[in-house]
Amino acid sequence: EESVLGLFKGLGPPMGGLALINAVVFGVYANILRNVDDSGSVVNQFYAGGVAGFAQSFIASPMELVKLRMQLQCAGAARDETSRKVYRNAFDCFRRIWATE
């Protein structure tokens with residue numbers, strides 16, 4: 001029922017989230033390496049990567065939760081015609097999760 005443009009439906013929020021995640025990862029990683037004495041050592045690079053990964057998890061985890069909730073509501077609606085969608089969009093889903101959980 002949809003045209004070829006239907007393939008790109010819902011592409012905006014994941015792309016925006018990935019841009020934010022990459023900004024956090026590279027920003028934290030670079031700042032840590034800038035503030036250590038030997039930025040070329042494997043131990044310091046491992047430390048910087050670990051801290052950057054920890055920092056990005058605070059963005060990626062809620063984003064994945066919203067994505068999964070949105071996908072699951074559509075999967076349920078496809079199986080049962082009487083069910084209705086719970087969330088209007090990704091922002092509504094995030095707002096409701098924040099308010100109730």
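In what follows, the structure referred to is the one given above.
Rules and cut-offs
- Residue indices begin from 1 for each chain and proceed along its sequence in written order.
- With the structure being a predicted model, the display of local features is reserved for residues of pLDDT at least 70 and the display and counting of side-chain atom pairs for 80 or more, all residues being used for whole-chain, interface and lining totals.
- Neither water nor hydrogens contribute to the side-chain values; these are computed over all heavy atoms in the structure.
- For the purposes of this entry, the term helix denotes a DSSP run of H or I that reaches at least four residues, the term strand denotes a run of E that reaches at least two, and both are numbered from the N terminus.
- Relative accessibility under 20% of the residue-type maximum defines a buried residue, over 50% an exposed one, and the middle range a partly exposed one, all with a 1.4 Å probe and only protein chains included.
- Residues count as neighbours in contact if any of their non-hydrogen atoms are within 4.5 Å of one another.
- Each accessible area is a Shrake-Rupley estimate made with a 1.4 Å probe; only the visible protein chains count as cover when residues are assessed.
- Throughout, the protein atoms alone are placed on a 1 Å grid, and a set of points is a cavity if a 1.4 Å probe fits but cannot get out or a pocket if it is open with protein on both sides within 12 Å along at least five of seven lines; lining residues have an atom within 4 Å of a point.
- Grid points are joined across faces, edges and corners, and a volume is the space filled by probe spheres set on the points.
- Amino acid classes used here: Ala, Val, Leu, Ile, Met, Phe, Trp, Tyr, Cys and Pro are nonpolar; Asp, Glu, Lys and Arg are charged; the rest, including Gly, are polar.
- Centres within 6.5 Å are what make two rings of Phe, Tyr or Trp a pair, Trp counting through its six-membered ring; a difference in plane orientation under 30 degrees is then read as stacked, over 60 as edge-to-face, and the rest as tilted.

## Details of the overall build of the chain
Here is step 1 of the chain: Helices and strands together make up the secondary structure of the chain, namely three helices and zero strands.
Here is step 2 of the chain: Beginning at the N terminus, the succession of helices and strands in the chain can be written as α-α-α.
Here is step 3 of the chain: Counting all 101 residues of the chain, 17% fall into the buried class.
Here is step 4 of the chain: A separation threshold of at least 6 residues defines the contact pool for the chain, and within that pool the share at least 24 residues apart is 43%.
Here is step 5 of the chain: Roughly 7,800 Å² of accessible area belongs to the chain as shown, and the carbon and sulfur atoms make up 64% of that amount.

## Quick word on the layout of surface pockets
Here is step 1 of the chain: A volume near 730 Å³ is recorded for the largest pocket.
Here is step 2 of the chain: If you go around the largest pocket, you meet 24 residues; those closest to its centre are Pro13, Pro14, Met63, Val66 and Ala90.
Here is step 3 of the chain: Looking at the lining of the largest pocket element by element, the count peaks at 10 residues for helix H2 (residues 42-79).
Here is step 4 of the chain: Residues that form the lining of the largest pocket fall into these classes: 15 nonpolar, five polar and four charged.

## Comments concerning the packing of aromatic side chains
Within a pair of aromatic rings, the relevant descriptors are the distance that separates the centres and the angle that separates the planes.
Here is step 1 of the chain: A complete count under the given rule lists two aromatic pairs for this structure.
Here is step 2 of the chain: Summarising the aromatic geometry, the rings of Phe54 and Phe58 are spaced 5.1 Å apart at their centres and angled 90° between planes, so their arrangement reads as edge-to-face. Of the two residues, Phe54 and Phe58 both sit in helix H2, four residues apart, roughly one turn of that helix.
Here is step 3 of the chain: Phe54 sits in the exposed class, given a relative accessible area of 54%.
Here is step 4 of the chain: The exposed category is assigned to Phe58, whose relative accessible area is 57%.

## Concerning the environment of Pro14
Here is step 1 of the chain: Within the element layout of this structure, Pro14 appears in helix H1 (residues 12-34).
Here is step 2 of the chain: For Pro14, a relative accessible area of 36% translates into the label partly exposed.

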